[in-house]
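Descriptive analysis of the structure
Given next are the chains, with one letter for each unit.
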Amino acid sequence: MFQRILLAYDGSEWAKRAALLAGEITRKEKESELWIVCAMGNVASTVGEALAEQWISHQTIEGGKLLDEAEELVGTHVPIHRELMFRPPAESIIEVADTRGIDLIIIGSRGSGALAGLLVGSQSQKVISLAKCPVMVIK
Ligand code: ATP
Ligand code: MG
């Protein structure tokens with residue numbers, strides 16, 4: 001039913017649950033592939049070139065660790081594409097979904113910036129509004 005699945009991963013407890021579920025779904029779906037998106041934000045335009053380079057290499061390492069963690073939670077049964085993005089999260093997720101022809105997005109209801117009280121984080125709200133495919137929101 002779903003062949004090209006996107007997992008949005010920020011390392012939060014919701015994203016971890018989403019990764020486990022992505023593992024279960026891809027185990028059941030024949031010939032599925034998984035894109036894991038990890039968005040590290042934009043480098044501030046005000047910092048100098050040297051600082052920007054430092055920032056990018058630091059974020060690349062941190063993002064790589066998050067992607068490793070997500071892959072481990074998903075399992076090794078499915079082809080995985082790692083998408084480390086340097087744009088805001090929802091924008092990154094929608095860009096990958098549109099360019100890779102994604103047919104299901106799996107995302108947490110909350111994330112690493114979780115404030116008590118809010119039911120759905122700002123990035124998942126944006127993704128739900130802008131996505132052209134079904135979105136599975138993990139509680
Ligand atoms: P907010 O960021 O609005 O303060 P929050 O952090 O609780 O609140 P979101 O950021 O919307 O909520 O997170 C919801 C889900 O969106 C996460 O569980 C994850 O699946 C996805 N997500 C959030 N940030 C990122 C990111 N940087 N990269 C990839 N996916 C992300
Ligand atoms: Mg957040």
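Relevant structure appears above.
Residues numbered from 1 in each chain as written. Chains lettered and ligands numbered in written order. Predicted model: local features only at pLDDT ≥ 70, side-chain atom pairs only at ≥ 80, totals over all residues. Heavy atoms only, no water.

Brief notes about the site of ligand 1
Our working definition: Proximity is defined per residue: any heavy atom of the residue falling within 4 Å of a molecule or strand makes that residue near it. Between N or O atoms, a polar contact is any pair within 3.5 Å; within protein, one atom must be a potential hydrogen donor and the other a potential acceptor, and residues adjacent in sequence are included only when both atoms are from side chains. The protein chains shown are the only cover counted for residues, whose accessible areas, like all others here, come from Shrake-Rupley with a 1.4 Å probe. Put simply, the grid is 1 Å and covers the protein atoms alone, a cavity is a trapped set of points that fit a 1.4 Å probe, a pocket is an open set with protein on both sides within 12 Å along at least five of seven lines, and lining residues have an atom within 4 Å of a point. Occupancy of a cavity or pocket is assigned to a molecule whenever over half of its atoms lie within 2 Å of that pocket's grid points. Only DSSP runs of H or I reaching four residues or more are called helices, and only runs of E reaching two or more are called strands; each is numbered from the N terminus. Three categories are distinguished: nonpolar for Ala, Val, Leu, Ile, Met, Phe, Trp, Tyr, Cys and Pro, charged for Asp, Glu, Lys and Arg, and polar for the others, with Gly belonging to the last.
Around ligand 1, the surrounding shell holds 22 residues, and the nearest of these are Ala8, Ala39, Arg110, Gly111 and Ser122. Between an oxygen atom of ligand 1 and a main-chain N or O atom of Ala8, the distance comes to 2.7 Å. In isolation ligand 1 offers 610 Å² of accessible surface; the protein chains occlude 87% of this area. Judged by its atoms lying within 2 Å of the grid points, ligand 1 is housed in the largest pocket. Listed by contribution, the elements that provide at least two residues to the shell around ligand 1 are α1 (13–28), β2 (33–39), α3 (89–100), β4 (104–108) and α4 (122–130). Of the residues assigned to the shell around ligand 1, the class counts are 11 nonpolar, 9 polar and 2 charged.

Thoughts on the pattern of salt bridges
Operational definition: A side-chain nitrogen of Lys or Arg and a carboxyl oxygen of Asp or Glu constitute a salt bridge if their distance falls within 4 Å. Note on classification: 1.4 Å probe, protein chains only; a residue is buried when its accessible area is under 20% of the maximum for its type, exposed when over 50%, partly exposed between these limits.
A full pass over the atoms with the stated rule returns 8 salt bridges. Across the salt bridge formed by Glu95 and Arg87, the nearest N and O atoms sit 1.8 Å from each other. Glu95 gets classed as partly exposed once you look at its relative accessible area, which sits at 30%. When its relative accessible area of 29% is taken as the criterion, Arg87 is described as partly exposed. Connected through salt bridges with shared partners, the residues Asp68, Glu71 and Arg82 form a single ionic network.

Here's the deal with the packing of α3 against α4
The criterion, for reference: Between the N-to-C directions of two axes lies an angle of 0 to 180 degrees, each axis being a line fitted to C-alpha atoms and, for a helix, fitted only over the stretch in contact. Whether a crossing is left-handed or right-handed is set by the direction in which the near helix is turned from the far one by less than a right angle, anticlockwise for left-handed and clockwise for right-handed. Residue contacts follow a heavy-atom distance rule, with two residues in contact if any of their heavy atoms lie within 4.5 Å.
Between α3 and α4, the shortest axis-to-axis distance is 8 Å and the interhelical angle comes to 35°. Between α3 and α4 lies a crossing of right-handed hand. Taking contact as the criterion, the partners of Pro89, Ala90, Ile93 and Ile94 in α3 are, on α4, Gln123, Lys126, Val127 and Leu130.

Remarks on the pairing of strand β1 (residues 4–8)
Threshold: For two strands to count as paired, DSSP must find a minimum of two bridges between them. When the strands point away from the viewer, a crossover counts as right-handed if the route from the first strand across the helix to the second turns clockwise.
For β1, the tally of buried residues reaches 4 of 5 residues, placing the bulk of the element in the interior. Where β1 meets β2, 5 bridges bridge the pair, whose relative direction is parallel. Bridge pairing in β2 links Leu7 to Ile36. Read as a crossover between parallel neighbours, the route from β1 over α1 to β2 is right-handed. Of the strand pairs in this sheet, β1 and β4 are connected by 3 bridges, and their pairing is parallel. If you follow Ile5 over to β4, its bridge partner there is Leu104.

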